[in-house]
Number of protein chains: 4
Amino acid sequence: MINCAIIGYGYWGPNLVRNFSATPNATVKLVADLRQERLNLVKKNYPTVEVTTDIDSIWSDNSIDAVIIATPVFTHFELAQKALNSGKHVLLEKPMTDTVAHALELIDLANAKGKVLMVDHTFLYTSSVQKMKSLIDNGDIGKVKYFDSTRINLGLIQQDVNVLWDLAPHDISILDYLMPEKPHSVQATGVSHIHNGIENIAYLTVNYSSDFIAHFSCSWSSTVKIRTMLLGGDKKMVVFNDMEPTEKIKIYDTAHTVSSDEEKQRVLVDYRVGDVYIPKLEIKEALGGMAKDFMDAIEKGTTPLASWKSGLNTIRILEAAQISIKEKGREVVLS
Amino acid sequence: MINCAIIGYGYWGPNLVRNFSATPNATVKLVADLRQERLNLVKKNYPTVEVTTDIDSIWSDNSIDAVIIATPVFTHFELAQKALNSGKHVLLEKPMTDTVAHALELIDLANAKGKVLMVDHTFLYTSSVQKMKSLIDNGDIGKVKYFDSTRINLGLIQQDVNVLWDLAPHDISILDYLMPEKPHSVQATGVSHIHNGIENIAYLTVNYSSDFIAHFSCSWSSTVKIRTMLLGGDKKMVVFNDMEPTEKIKIYDTAHTVSSDEEKQRVLVDYRVGDVYIPKLEIKEALGGMAKDFMDAIEKGTTPLASWKSGLNTIRILEAAQISIKEKGREVVLS
Amino acid sequence: MINCAIIGYGYWGPNLVRNFSATPNATVKLVADLRQERLNLVKKNYPTVEVTTDIDSIWSDNSIDAVIIATPVFTHFELAQKALNSGKHVLLEKPMTDTVAHALELIDLANAKGKVLMVDHTFLYTSSVQKMKSLIDNGDIGKVKYFDSTRINLGLIQQDVNVLWDLAPHDISILDYLMPEKPHSVQATGVSHIHNGIENIAYLTVNYSSDFIAHFSCSWSSTVKIRTMLLGGDKKMVVFNDMEPTEKIKIYDTAHTVSSDEEKQRVLVDYRVGDVYIPKLEIKEALGGMAKDFMDAIEKGTTPLASWKSGLNTIRILEAAQISIKEKGREVVLS
Amino acid sequence: MINCAIIGYGYWGPNLVRNFSATPNATVKLVADLRQERLNLVKKNYPTVEVTTDIDSIWSDNSIDAVIIATPVFTHFELAQKALNSGKHVLLEKPMTDTVAHALELIDLANAKGKVLMVDHTFLYTSSVQKMKSLIDNGDIGKVKYFDSTRINLGLIQQDVNVLWDLAPHDISILDYLMPEKPHSVQATGVSHIHNGIENIAYLTVNYSSDFIAHFSCSWSSTVKIRTMLLGGDKKMVVFNDMEPTEKIKIYDTAHTVSSDEEKQRVLVDYRVGDVYIPKLEIKEALGGMAKDFMDAIEKGTTPLASWKSGLNTIRILEAAQISIKEKGREVVLS
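Source: prediction; values computed, not measured. (Residues numbered from 1 in each chain as written. Chains lettered and ligands numbered in written order. Predicted model: local features only at pLDDT ≥ 70, side-chain atom pairs only at ≥ 80, totals over all residues. Heavy atoms only, no water.)

A. A look at the sheet that holds strand β5 (residues 89-93) of chain C. All names here are of chain C. Taken in spatial order, the 6 strands of this open sheet run β3-β2-β1-β4-β5-β6, and their pairing is parallel. Both edges of this open sheet fall to β3 (50-52) and β6 (117-120), since each of them pairs with a single strand only. Neighbouring strand axes in the sheet, compared pairwise and without regard to direction, differ in orientation by 25° on average. Two elements, strand β4 (residues 66-69) and β5, share 4 bridges in a ladder whose sense is parallel. Within β5, the residue paired with Ile69 across the bridge is Leu92. (Pairing = 2+ DSSP bridges. Helix = DSSP H or I, 4+ residues; strand = E, 2+ residues; numbered from the N terminus. Axes fitted to C-alpha atoms, helices over the stretch in contact; angles between N-to-C directions.)

B. View of the state of the cysteines. The tally for this structure, following the rule as stated, stands at 0 disulfides over all chains. Cys218 of chain B carries a free sulfur, and the closest cysteine sulfur to it, the one in Cys218 of chain A, is 19 Å from it. (Disulfide = S-S within 2.5 Å.)

C. Examining the layout of surface pockets more closely. Quantified by volume, the second largest pocket comes out at close to 1,200 Å³. Forming the boundary of the second largest pocket are 28 residues, of which Asn45, Tyr46 and Pro47 of chain B together with Lys44 and Asn45 of chain C lie nearest the centre. Those elements that place two or more of their residues in the lining of the second largest pocket are α1 (13-21), β2 (26-32) and α2 (36-45) of chain B together with β2 (26-32) and α2 (36-45) of chain C. Here the residues of the lining of the second largest pocket sort into 14 nonpolar, 9 polar and 5 charged. (1 Å grid on protein atoms, 1.4 Å probe; cavity = no way out; pocket = protein on both sides within 12 Å on 5 of 7 lines; lining within 4 Å. Points joined across faces, edges and corners; volume = space filled by probe spheres on them. Nonpolar A, V, L, I, M, F, W, Y, C, P; charged D, E, K, R; others polar.)

D. The arrangement of helix α1 (residues 13-21) of chain C in detail. For α1 of chain C, the full list of buried residues reads Gly13, Asn15, Leu16, Val17, Asn19 and Phe20 of chain C. Against β1 (2-7), β2, β4, β5, β6 and α7 (286-300) of chain C lie the buried residues of α1 of chain C. (Buried < 20%, exposed > 50% of the residue type's maximum accessible area, 1.4 Å probe, protein only. Contact = heavy atoms within 4.5 Å.)

E. The arrangement of the relation of the copies chain B and chain D in detail. The operation relating chain B to chain D is a screw motion whose rotation component is 180°, with 0.0 Å of axial translation and a residual RMSD of 0.0 Å. Here the copies are linked by what is in effect a two-fold axis. Proximity to the rotation axis, assessed at the C-alpha, singles out Tyr277 of chain B in chain B; its C-alpha lies 2.3 Å from the axis. Looking at the interface residues of chain B, 100% of them are also at the interface in chain D, so both copies use one shared face. (Least-squares fit on C-alpha atoms with pLDDT ≥ 70 in both.)

F. Molecular detail of empty space enclosed by the protein. All chains considered together, the criterion is met by 10 cavities of 30 Å³ or more. Estimates place the volume of the largest cavity at around 100 Å³. Around the largest cavity sit 16 residues that line it, and Gln187, Thr189 and Thr205 of chain A together with Thr189 and Thr205 of chain B are the ones nearest its centre. Counting only elements with at least two residues in the lining of the largest cavity, the list comes to β8 (183-191) and β9 (201-208) of chain A together with β8 (183-191) and β9 (201-208) of chain B. Among the residues forming the lining of the largest cavity, the class breakdown is 6 nonpolar, 10 polar and no charged. Volume-wise, the second largest cavity comes out at about 90 Å³. Along the walls of the second largest cavity sit 15 residues, with Gln187, Thr189 and Thr205 of chain C together with Thr189 and Thr205 of chain D positioned nearest its centre.

G. Broad picture of the pairing of strand β1 (residues 2-7) of chain B. Residue and element names in this part refer to chain B. Judged by how many residues are buried, β1 sits mostly within the fold: 6 of 6 residues are covered. Both faces of β1 are covered, namely the face carrying Ile2, Cys4 and Ile6 and the face carrying Asn3, Ala5 and Ile7. Across 6 bridges, β1 lies against β2 in parallel orientation. Following the sheet pairing, Ile6 is matched in β2 by Val31. The parallel pair β1 and β2 is bridged by α1, and the resulting crossover is right-handed. In this sheet, strand β4 (residues 66-69) lies alongside β1 in parallel orientation, the contact comprising 4 bridges. Across the sheet, the residue bridging to Ala5 is Val67, located in β4. (Right-handed = clockwise from strand over helix to strand, strands pointing away.)

H. Layout of the arrangement of the chains. The two units chain B and chain C remain apart, with a minimum C-alpha distance of 8 Å. No part of chain A reaches chain D; the closest C-alpha pair between them is 8 Å apart.

Given below as structure tokens:
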């Protein structure tokens, strides 16, 4: 049995406690938060879980095997560093850290200490993303040409990070999971309606050495919640609409027949729009799969889907996007 | 009665003949096309309309008052120039011309000759766009913050112009119609899957001196046809879904209450999602409104919605986008 | 070439002229209507078609081979009788006649004269109904258990026939086409909000000797237009939503596993909701298929889908429903 | 504080425990069920709640003030009778009892004992039904003309009651709540695909002395889950689609202008389809409102929405429908 401490009991905290409690080889031993009123909530719903406002007491508590860090991103590095140095496995909420340098330092530390370091990219564990992955892996979708994600809603305009850092980690980590090719460069644009330099609407293009292209549209200023992802291959196109209660994944037959016509000086795309197929997806809570993956990584040494590599690749793109957006959309090549 | 000649009887030609035929003060006297088989179609459906493959015969035909040019964009300038020099009014299909310089030259010529020069931006005449315009003008929507358009479908990959020149004129002309503010700069990204330098997927951001922002997503490579426009104001948000048969315009109540909270180091947006309202829109053919507007401009000297100014503003953005996309997303300031 | 006369140029008339004009072996020679203003419309759009207000002049016109009767239902019998007696083939708009007795008399006459008698059950020629038919015939759907149709909209409340006679012929003829089994009895209920004995809302159940059941819901009093048909088999269920622009037919995997559990005193249906499949349907105008079927029946002696048998079976159910609805839902056994 | 015992911990049991636990003036003291494994679930999730398999021990337990009976319908009468005779308030799951006679006997007993007797018609407490009620009460909808409900899904085919007794109580209780007029008669049809006399598909018409009409369509044999209710008035029409996550209630402007036209021998309904309005509905759990209403009725003597009258009116219709369906749709007048 692996004893877990959860640091931070905000919006996501109750979901973490519930899912780790339901994971066979995990025990939620402790929840830490600076706010006593949040801890009171824990005690009410989970009387057997210990609570504390003294986060630093965790490091010397040898009964704690693993720490789940669900605090604001700017605190991730310091907390994870202390946890790893105390010999604990670490799960970080997304985004992994506030800078690539911090992520690299944590990765080195985790490797040196022989501890698991992973990131809660919950979406990788959804039936929808798993379905998209299998469509790519088994060749059904054909050669993948583009990825286009829209994630917009009314949101909390934050003081420390822009809308890309807040919303895009979901989509970037999905892209990273689906596409083995390393991205080449990014270009980002956006606007801050609060005029504090924190963009509440932003657009991101990710370029590849091949002709694959990815695009992300994020906003905190849309009354309408849209969660749509397009994945285009030369055999199939997938539309993932996460707002649909039961038809999240729709698969469209597609066939581009490119023929040249010199007289008309153009390439003709003779298309047919074919059948649509809506697969039955297993109904399960993705966060439970993530919790199990963390426990398995600790117990069995397996590599989790949402590994530190997934976390690192995601913030590499975010950090470059940050530079691009401040330099008016200049292409920033990823190192 | 105004005698019209239509040059070019391709995909859009039958719609032009039908709508100008149904316009009270217009007569379709002649259709010209280089392809005899297209002209045979005209004769079959409109036995009283004259046809010719000799386009240059139009210029000296004094019975022709107005010329509608529905040919590939690279021919627009020369044909329009000849028509204006022959003393004829000119309607150009979108986009107006292939360069801003050509557009400016035509505008000067039209002014010198005292002839009407307009562009077939059909969408301006739809009930949906008219509804959005009135929501802005009467203040219902509040201060407008963003415009976001997605126009993607399987399309003909063209040899001469990219997907922005093909699809975005619709959306850019709508933006130009709705927003009186002059755009400041553009940034564009994209990819060519045909590897001929002609982008089949492209993204465009248009920036303003104020904090208004516009974004366009265009693709010829989507099996699924999407036509969605978001228009966000601080009182209402409008979603225009042109694929909806009867509920094209949905209006959402919105209210952003921005309050600061120093302790939490963030700006809190306390939002409520309110009622939705789907107005009844008049069912009418937009092209008929455009045809009437052209005739009225000729007869009464009125300024049409889709004036040369609308055409010019649209290609100003397209030309700058072309530069930006080739310079890897560099911000191009509009002159 | 078969010369056709169309009697009645109301709402449906222009569609008939257009489709018969486009049918290779048909010529629309004459349109007859009592209203000169309707005939003026014919002359404007089809200058070569003859028109007349003298319907009786048709019978002695030997150049007319076939007559299409698109007049109010109470006139069908007399007009069709005259046409057949004049040696002409007859197509009747739906419903075929106002009584079963009239239908039988026309059928006998057509057989005696050796002429084609058919009914314009246009829906049988749609891609959607053809798809449902093939799903039944090839066994995909399994044993068919039920058919449930809803056809409601705001409508013209008629003085002579109730909403079932007006709307249900579409659905009853589809049912008759899909299901070879002879129906056993009908039960109908309804209400007349005009209080003239003409029901504007009505419900119809059709029972079979087997355990198959069909139900029809019709209304002229719904602001919302609904056109939904459910077809349930033990392998698949089909939902036909005719208001959907592109996804009219959805096919659902279904599997009923009925297991008994004596202790619980109930039959347990362990179901799984499986995949959904939306086949691509050919886009074509059904009325054109009907017109061709009529011409083929005349020229080649083929039996049309919408034969007099389809017409007769449909009004057998309507006539029995009429009796049932007036006798407060009493079961009326079909003779 | 009112101490409650819940009898029956099946599908609905956990919802009852959770909601009564969250009701301020209620305490869930005891859960009784014949199945020890179900009681184990209670202990796991609610360690402080007592459990028992000895249902009869409840009657003599003076600490229990109120009993919630969530057992099969054929046990309702006996259990409720014992509870009332023991001086306890009673809430029955729907349908109230298996016969009208049993319901009347319980009502008399409750009145004699001065105890609350109510029925869990949860839907009356939903925001959607409350919205429909207010639209009727404030006159927005105008004179109500019809009510049409479809409730179909794959379901458990039960041995004791047919699909109407299982599914229609929801809709009939809503109808009873919305319409003050007393229904006059019922007609029902249906089929049993299991051939055990228990209909798995059934249709029900309810007639009124006025020209109002109600219709219910219920099925356990539809792979597709449909939950649609139409409520038509002469000013507005409401469509309640309970499968919609956020747009459950849509309100359509409607205007019937009935004009007579002697020449055409028909009544003309000149309609316009107007605006659509989707009100924001409060998100709340209806069952919580029902629990509170029960507690208030006990403490404050208020009359709950889901009173015994609502329960009685509902099974009056069900019992008559049962007779009608067995007598082949004969109209059964309600006493």
